[in-house]
Amino acid sequence: EGTGPINVNVEFELTRSDMILTDVNILLPLGATDPPAIEEIDGQYKHDPSTGMMCWHHDVIDASNSTGSLEFSIAGSDVDAFFPVQVMFKSDSFLCPIDINGVTSITNGAAIPNSIQKSVSPDAYQVS
């Protein structure tokens, strides 16, 4: 630990080519209210000085957009201030593929009209 700027490099890689993640937000605590100096970024970011957080956003992470990196510097000396990192996302594909082929009545075995909507939205995903 010292004084001066801290250089931060964050990367991600989607290792499941069958997954499509949408509305991906990676929340990084900065340990300071000053804005970061962005050197390089895939995606967009927003800085919230009131909470000292930065949101790194991606609309879609999929097989064609499976990696990303963010590099920035910020004044400070406490490298532990950048944890925990929180990750939020949505997906229409399950982590464990499951499908429902039909619904039938237990009393007479007749098919029951139905529809299904699949969605994944984790309560918490955190990197400590």
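Everything below is about the structure shown above.
Calculation criteria
- Residues numbered from 1 in each chain as written.
- Predicted model: local features only at pLDDT ≥ 70, side-chain atom pairs only at ≥ 80, totals over all residues.
- Heavy atoms only, no water.
- Helix = DSSP H or I, 4+ residues; strand = E, 2+ residues; numbered from the N terminus.
- Rg over C-alpha atoms; globule rule 2.2 N^0.38 Å.
- Buried < 20%, exposed > 50% of the residue type's maximum accessible area, 1.4 Å probe, protein only.
- Contact = heavy atoms within 4.5 Å.
- Salt bridge = Lys/Arg side-chain N within 4 Å of Asp/Glu carboxyl O.
- Pairing = 2+ DSSP bridges.
- Axes fitted to C-alpha atoms, helices over the stretch in contact; angles between N-to-C directions.
- Phe/Tyr/Trp six-rings, centres within 6.5 Å; stacked < 30°, edge-to-face > 60°.

The helix and strand inventory of the chain stands at 0 helices and 8 strands. Start at the N end of the chain and walk to the C end: the helices and strands fall as β-β-β-β-β-β-β-β. Computed over its C-alpha atoms, the radius of gyration of the chain comes to 20 Å, more than 25% above the 14 Å expected for a compact globule of 128 residues. Seen along its three principal axes, the alpha-carbon backbone of the chain occupies a region of about 75 × 30 × 20 Å. Looking at the 128 residues of the chain, the share that counts as buried comes to 29%. Sequence separation of at least 24 residues holds for 76% of the intrachain contacts in the chain that already meet a minimum separation of 6.

What follows deals with unusual backbone geometry. For the bond running from Phe-83 to Pro-84, omega is 0°, close enough to zero to count as cis. Relative to the elements of secondary structure, Pro-84 occurs in the loop between strand 6 (67–75) and strand 7 (85–91). Despite not being glycine, Asp-23 has its phi angle at roughly 50°, a positive value. Structurally, the position occupied by Asp-23 is in strand 2 (residues 21–29).

The final tally for this structure, using the stated rule, is 2 salt bridges. Taking the shortest distance from any N to any O, the salt bridge between Arg-16 and Asp-18 comes out at 2.9 Å. Two residues, Lys-90 and Asp-23, come together in a salt bridge whose shortest N-O distance is 3.9 Å. Linking Lys-90 in strand 7 with Asp-23 in strand 2, this pair joins segments that are 67 residues apart in sequence. Residue class for Asp-23 comes out partly exposed when judged on its relative accessible area of 34%.

This brings us to the sheet that holds strand 6. Adjacent strands of a sheet pair through backbone hydrogen bonds, lying either parallel or antiparallel. In spatial order, the strands read 1-6-3; together these 3 strands make up an open sheet with antiparallel pairing. Each of the sheet's edge strands pairs with one partner strand only, and the pair in question is strand 1 (5–13) and strand 3 (37–41). For this sheet, the mean inter-axis angle between neighbouring strands, taken without regard to orientation, is 15°. Here strand 1 runs beside strand 6; their pairing, made up of 9 bridges, is antiparallel. The partner of Phe-12 across the bridge, within strand 6, is Gly-68.

Take the packing of aromatic side chains next. One pass over the structure, following the stated rule, counts 2 aromatic pairs. When the ring of Phe-12 is compared with that of Trp-56, the centres are 5.6 Å apart and the planes differ by 55°; the resulting orientation is tilted. Here Trp-56 lies in strand 5 (residues 53–61) and Phe-12 lies in strand 1, a separation of 44 residues in the sequence. In terms of burial, Phe-12 and Trp-56 fall into one category: buried. Ring geometry for Phe-72 and Phe-82: centres 6.3 Å apart, planes at 65°, overall edge-to-face. One end of the pair, Phe-72, is in strand 6; the other, Phe-82, is in the loop between strand 6 and strand 7, with 10 residues separating them in the sequence. This pair shows no difference in class: Phe-72 is buried, exactly as Phe-82 is.

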